[in-house]
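Descriptive analysis of the structure
One letter stands for each residue in the lines below.
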Amino acid sequence: MLLLHEVHRVEGAKEEAFDAAYREELIPGLGLTEDARLLWYLRLAHGSGAAYTVVTITGCRDASAWSALAERVRQGDLQAWSARVDGMRHDCQAKILTPVSWSPRQAIDLAEVPASGEEHEVSLFMEDTAWPFAGGLQAYLEKAGTLYSSQLETSKERGMDVITLEAAYQPVYGSHTTTEVVLWQRVVNKRALLYLLAHDLPASATAPGTWMHDALAVRDRWESRILRSASWSPLY
C-alpha cells in the first residue's frame, strides 16, 4: 500500500471549485479502477495555519497502481482534470508514504472505500511530522514504536486519551526526504485537545521517561497539523 500525500495551497476564491473537482470528478474517476482511491480530503482547521490549505491522501494498491495513476494524470483521462485543478491553487507539495513496520494500520481495503462522495459526520485528526536527527531514523522509529505507542495505550486504559495512533508512515525512498516520519492520529477527545491548546504541559508530561522528554534524544523538530475531514471525504 502506497499513499500519495498532497498539501494544496488553494486560491481562496476557488475553494468551492477545488472541492467540487475532487468530489464530483476525482472520486468517481478513481472508482473506475480497483487499484486507487481518494481516501481522505481534509482541511487545515481554522486558526491553526495558512488559510485555504487542503490535505488529500490517495491510496494506491502498490507501486504499479501508483504508476498507472501517474500516467492517467500525465497523459490519460485525468490530464485535463489535473490541469484545471492546478489552476485553482498556488502550489502543491506531494510525497509518497508507506507504513512503518509497527504501524497499527498496514493496509486499507480499497474495495471498501466509497467512490460516491456521500455526506457524513466529520472527524478531527492530528498529523505529526517529525524529522529525526541526521542518521537517526531507525533510532527514532524504535523509540516511537515502543515508548510513544505504549504511553498512548496507557492513557487510553486510564480513560485520559486525547488521540489514538491509527498509523505511522515514512516516505518511500527516492520520493522525498528519507529522514521523516508521519504519525496519523485521530482526535478522540476534543475537549481535552482544547485544554492542551490553551495550557502548558504539566511537569509530569515532560519528565524523564516520558515521550516528550526522551524523544529529544532522537529528534527536536516536529510539526503538528489539526485536520478536519470534509463532510464528503471517503474516509473520516
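Please refer to the structure higher up on the page.
Everything numeric here is computed off the predicted structure, so don't read it as measured data. (Residues numbered from 1 in each chain as written. Predicted model: local features only at pLDDT ≥ 70, side-chain atom pairs only at ≥ 80, totals over all residues. Heavy atoms only, no water.)

Oppositely charged side chains are able to pair whenever their charged atoms sit close together. This structure, assessed with the given rule, holds 13 salt bridges. Notably, a salt bridge pairs Arg-23 with Glu-119, separated by 3.1 Å at the nearest N-O pair. Remark: Glu-119 occurs in the loop between β4 (89-99) and β5 (124-130) and Arg-23 occurs in helix α1 (residues 15-30); sequence separation between them is 96 residues. Taking relative accessible area as the criterion, Arg-23 reaches 26% and is therefore assigned partly exposed. Exposure remark for Glu-119: the relative accessible area of 52% places this residue in the exposed category. For Glu-166, the salt bridge identified is with Arg-105, shortest N-O distance 3.4 Å. Taken together, the residues span a long stretch of sequence, with Glu-166 in strand β6 (residues 163-171) and Arg-105 in the loop between β4 and β5 at a distance of 61 residues. (Salt bridge = Lys/Arg side-chain N within 4 Å of Asp/Glu carboxyl O. Helix = DSSP H or I, 4+ residues; strand = E, 2+ residues; numbered from the N terminus. Buried < 20%, exposed > 50% of the residue type's maximum accessible area, 1.4 Å probe, protein only.)

The next point concerns the nonpolar core. Across soluble globular proteins, nonpolar side chains show a tendency to be buried alongside one another. Grouped together as the largest cluster of nonpolar side chains are 25 residues, with contacts concentrated most on Tyr-140, Ile-163, Leu-183, Leu-193 and Trp-211. Looking at this core, the elements with two or more residues in it are β5, α4 (137-157), β6, β7 (181-187) and α5 (190-198). The leading source of residues in this core is α4, at seven residues. Each residue touching Trp-211, except ones within four places of it in the same chain, is listed here: Tyr-140, Lys-143, Ala-144, Leu-147, Tyr-148, Gln-151 and Arg-219. Counting residues in each nonpolar core, the second largest holds 20 residues, with Val-10, Leu-26, Ala-36 and Trp-81 among its members. (Core = buried A, V, L, I, M, F, W, Y, C linked by side-chain atoms within 4.5 Å. Contact = heavy atoms within 4.5 Å.)

This paragraph deals with α4. An α-helix turns once per 3.6 residues; consequently, residues spaced three or four apart project the same way. A rise of 1.5 Å per residue sets the reference length of α4, with its 21 residues, at 30 Å; its end C-alpha atoms lie 29 Å apart and thus fit the reference within 8%. Along α4, the largest kink reaches about 35° and is centred on Ala-144. All of the buried residues in α4 are Leu-137, Tyr-140, Leu-141, Ala-144, Leu-147, Tyr-148 and Leu-152. Looking at the buried side of α4, the elements it contacts are β5, β6, β7 and α6 (211-214). (Expected span 1.5 Å × (residues − 1). Bend = angle between axes of the 7 residues up to and from the residue.)

The next thing to look at is helix α3 (residues 79-86). What α3 keeps buried is the set Trp-81, Ser-82 and Val-85. Around the axis of α3, the buried residues are gathered within 100° of arc, so they sit on the same side. Structural note: α3 exposes Ala-80 and Ala-83 on the side pointing more than 90 degrees away from its buried face. Next to the buried residues of α3 lie α1, α2 (63-75) and β4. (Arc of directions from axis to C-beta.)

Within the secondary structure, Ser-229 sits in strand β8 (residues 222-229). A polar atom in the side chain of Ser-229 sits 2.9 Å from the backbone nitrogen of Ser-123. Apart from the residues lying within four places of it in its own chain, the contact partners of Ser-229 are Tyr-41, Leu-42, Val-122, Ser-123, Phe-125, Leu-235 and Tyr-236. (Polar contact = N/O pair within 3.5 Å; in protein donor to acceptor, adjacent residues only side chain to side chain.)

Phi at Tyr-52 is positive, roughly 55°, even though this residue is not glycine. Looking at where Tyr-52 falls in the secondary structure, it is placed in the loop between β2 (36-44) and β3 (53-60).

Next up on the list: the packing of aromatic side chains. Geometry of an aromatic ring pair is reported as the spacing of the ring centres plus the angle between the planes. One pass over the structure, following the stated rule, counts 10 aromatic pairs. For the ring pair Trp-40 and Phe-125, a centre distance of 6.4 Å and an interplane angle of 75° mean the geometry is edge-to-face. Taken together, the residues span a long stretch of sequence, with Trp-40 in strand β2 and Phe-125 in strand β5 at a distance of 85 residues. Across this residue pair, the class does not change: Trp-40 and Phe-125 are buried. For the pair Phe-125 and Trp-184, a centre-to-centre distance of 4.8 Å together with 20° between the ring planes defines the contact as stacked. Placement of the pair is Phe-125 in strand β5 and Trp-184 in strand β7, with a sequence separation of 59 residues. (Phe/Tyr/Trp six-rings, centres within 6.5 Å; stacked < 30°, edge-to-face > 60°.)

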